[in-house]
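Coordinate analysis (summary)
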Amino acid sequence: MMKNARATILAAAVSAAAIVSFAVPALAQRDPAYAAARANGTVGERVDGYLGIVGDATPALQSMVNDINIKRRAVYSRKAVEKDATVEQYAMTAGCQAIARTVPGEKYQAPSGEWRTRTEEPPERDPRCP
Amino acid sequence: MIGLSALSGCINVAAPEEPIVIELNINIRQEVIYRLAEDAANTIDENADIF
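Residues numbered from 1 in each chain as written. Chains lettered and ligands numbered in written order. Predicted model: local features only at pLDDT ≥ 70, side-chain atom pairs only at ≥ 80, totals over all residues.

Let us look at the interface of chain B and chain A. Every contact between the two is made by 21 residues of chain B and, on the other side, 27 residues of chain A. For the side of chain B that touches chain A, a count of residues per class yields 15 nonpolar, four polar and two charged. (Contact = placed C-beta atoms within 7 Å. Nonpolar A, V, L, I, M, F, W, Y, C, P; charged D, E, K, R; others polar.)

This next bit is on the nonpolar core. In this structure, A:Y76, A:Y90, A:A91, A:M92, A:A94, B:I33 and B:L36 are the most contacted members of the largest nonpolar core, which totals 22 residues. Every element with two or more residues in this core is listed here: α3 (59-82) and α4 (87-100) of chain A together with α2 (30-46) of chain B. Per-element tally for this core: the top contributor is α4(A), with seven residues. Discounting residues that sit within four places of it in the chain, A:M92 has contacts with A:D48, A:G49, B:N25, B:I28 and B:I33. (Core = buried A, V, L, I, M, F, W, Y, C linked by C-beta atoms within 7 Å. Buried ≥ 20, exposed ≤ 12 C-beta atoms within 10 Å, placed from the backbone. Helix = DSSP H or I, 4+ residues; strand = E, 2+ residues; numbered from the N terminus.)

The strands making up a sheet are joined through hydrogen bonds of the backbone, oriented either antiparallel or parallel. Residue and element names in this part refer to chain A. The strand order across the open sheet formed by four strands is β2-β1-β3-β4, and the pairing between neighbours is mixed. At either margin of the open sheet sits one strand with a lone partner, and together these are β2 (51-53) and β4 (115-117). In this sheet, adjacent strand axes meet at a mean angle of 40 degrees when their direction is disregarded. In this structure, strand β1 (residues 43-45) lies alongside β2, joined through three bridges in antiparallel fashion. (Pairing = 2+ DSSP bridges. Axes fitted to C-alpha atoms, helices over the stretch in contact; angles between N-to-C directions.)

Attention now goes to the packing of α3(A) against α4(A). Residue and element names in this part refer to chain A. Where α3 meets α4, the axes come as close as 8 Å, and the angle between the chain directions of the two elements is 115 degrees. In this view, α3 runs roughly perpendicular relative to α4, as classed from their interaxial angle. α4 is crossed by α3, and the crossing has right-handed handedness. Packed against α3, whose contacting residues are Y76, S77, K79 and A80, the element α4 presents V87, Q89, Y90, A91 and A94 at the interface. The class makeup of the residues in the contact of α3 with α4 is six nonpolar, two polar and one charged. (Parallel < 35°, antiparallel > 145°, perpendicular 65-115°, else oblique. Left-handed = near helix turned anticlockwise from the far one by under 90°.)

Structure representation (structure tokens):
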């Protein structure tokens, strides 16, 4: 009887902890479809700070990329106002960083406009990037 | 003769080998990018779902 009660309390505590950890993630993570598209190289980081489609666009891919880019633009616009910069300036600065943060296997756009696959080597970036 | 001189006056425009890249961000100066760099890095961290 006592053992059962203890088990019930323990189970309740575990499920409460699980609910909390699911309800309040420390930082929002990439959607699985987006993470997969980055990993398989169907999307890549553009020099202008937006996400690009590397090969042929499918409606689903286009829709996902548009959605992310609309959100990025909203963030860039807000931050650009705060920093007294233009959206394009802020976006390109973020692009420098986003390209630097690509991991081997992911795609990024070189200053020439061509898509490259990130290797262990530093990416080929615009000379103005920090 | 008139035909020949007209021909020699032609300007040859060869298509470039490389695709033409339109530099939309040509006016963005390096000092601006350096000024914004730290803030942009934080922005990426704070919006990990879309970066």
